[in-house]
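Report on the structure
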Amino acid sequence: MLNPVSVLLIVDVQNDFITGSLALKHCPAGEDGEEVVPIIQDLLSRNLFSIVGYTFDWHPPNHCSFIDNVSLYPLHSSSPVQNAENAKVFDVVIYDKTPLIDQVLWPRHCQMDSWGAELHKEVKVLTVFVYGNFFMRSFVVFQHQ
């Protein structure tokens, strides 16, 4: 017999995406990330879920997605941007690694141990489990390794 469980997955409700360097309200959709916080709090207060999971965007200072770090890594000859000085936010570069890494460039955000990487102050966390390869561009919460 199966014992079904219900799961609430709270994805990247971090300061940099709410009011920081990559705030959703400054992105093309123009959404206010702050609006999701009371909804999350309401869902948590009802104890409707067997499991509550949280994901975090969590980058080391030298992360390859940061626009100000492009010059730290060699660009492949097939990269659309060939000079770090010409790179702009949202450009895609191809780093000369094995395998090649195609990377969208972002402003510095959710840097490890920074205010921007912290969950919004009103989102309550019960347990934290850290997992991932912090150099690679990946969404490890959805990836089986």
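Structure report, in brief. None of the values given here were measured: they were computed from a predicted structure.

**Re unusual backbone geometry**
The step from Thr98 to Pro99 runs through a cis peptide bond, and the omega angle for that step is -5°. Inspection of the secondary structure puts Pro99 in the loop between β3 (92–95) and β4 (101–104). A positive phi is found at Asp12, a non-glycine position, where the angle reads about 50°. Residue placement: Asp12 occurs in the loop between β1 (7–11) and α1 (15–18). Even without being glycine, Cys110 reaches a positive phi, approximately 45°. As for its position among the elements, Cys110 is in the segment after β4. Cys110 sits in the buried class, given a relative accessible area of 0%.

**Overview of a nonpolar patch on the surface**
A cluster of nonpolar residues, Val5, Val7, Leu9, Val11 and Ile51, forms a patch on the protein surface that exposes about 410 Å² of accessible area. With respect to the helices, strands and loops of the structure, Val11 is situated in strand β1. With a relative accessible area of 43%, Val11 lands in the partly exposed category.

**Some words on the pattern of salt bridges**
Under the counting rule described, the total for this entry stands at 3 salt bridges. For Asp42, the salt bridge is made with Arg46, and the minimal N-O distance between the two is 2.5 Å. A relative accessible area of 48% places Arg46 in the partly exposed class.

**A closer look at the environment of Met112**
Mapped onto the elements of the fold, Met112 is located in the segment after β4. For Met112, a relative accessible area of 24% corresponds to the partly exposed category. Sequence-wise, Met112 and Pro61 are 51 residues apart; in three dimensions their C-alpha atoms are separated by 7.2 Å.

**What about the pairing of β3?**
For a regular strand, side chains alternate in direction, first toward one face of the sheet and then toward the other. Here β3 runs beside β4; their pairing, made up of 4 bridges, is antiparallel. Within the sheet, the bridge partner assigned to Val93 lies in β4 and is Gln103.

**Things to note about the environment of Gln41**
If you trace the backbone, Gln41 turns up in helix α2 (residues 36–45). In contact with Gln41, not counting residues within four places along its chain, are Glu122, Val123 and Lys124.

**Let's talk about a negative patch on the surface**
A cluster of acidic residues, Glu31, Asp32, Glu34, Glu35 and Glu122, forms a negative patch on the protein surface. Take Asp32: it is sitting in the loop between α1 and α2.

**Examining the packing of aromatic side chains**
Pairs of aromatic rings are described using the distance from one ring centre to the other and the angle between the two planes. Taken as a whole and judged by the stated rule, the model has 2 aromatic pairs. Here Tyr73 and Tyr95 contribute two aromatic rings whose centre-to-centre distance is 5.5 Å and whose plane-to-plane angle is 70°, an arrangement assigned as edge-to-face. Residue Tyr73 is located in the loop between β2 (51–55) and β3, and its partner Tyr95 is located in strand β3; the two are separated by 22 residues in the primary sequence. For the pair Phe90 and Trp106, a centre-to-centre distance of 5.5 Å together with 90° between the ring planes defines the contact as edge-to-face. Of this pair, Phe90 sits in the loop between β2 and β3 while Trp106 sits in the segment after β4, and the two are 16 residues apart along the sequence. What makes Phe90 partly exposed here is its relative accessible area of 48%.

Cut-offs and rules
- Residues numbered from 1 in each chain as written.
- Predicted model: local features only at pLDDT ≥ 70, side-chain atom pairs only at ≥ 80, totals over all residues.
- Heavy atoms only, no water.
- Helix = DSSP H or I, 4+ residues; strand = E, 2+ residues; numbered from the N terminus.
- Buried < 20%, exposed > 50% of the residue type's maximum accessible area, 1.4 Å probe, protein only.
- Patch = residues over 30% accessible without salt bridge, like charges linked within 9 Å, V, L, I, M, F, W, Y side chains within 5 Å.
- Areas by Shrake-Rupley, 256 points an atom, 1.4 Å probe, with all protein chains shown as cover.
- Salt bridge = Lys/Arg side-chain N within 4 Å of Asp/Glu carboxyl O.
- Pairing = 2+ DSSP bridges.
- Contact = heavy atoms within 4.5 Å.
- Lys, Arg positive; Asp, Glu negative; His and termini not counted.
- Charge placed at Lys NZ, Arg CZ, Asp CG, Glu CD.
- Phe/Tyr/Trp six-rings, centres within 6.5 Å; stacked < 30°, edge-to-face > 60°.

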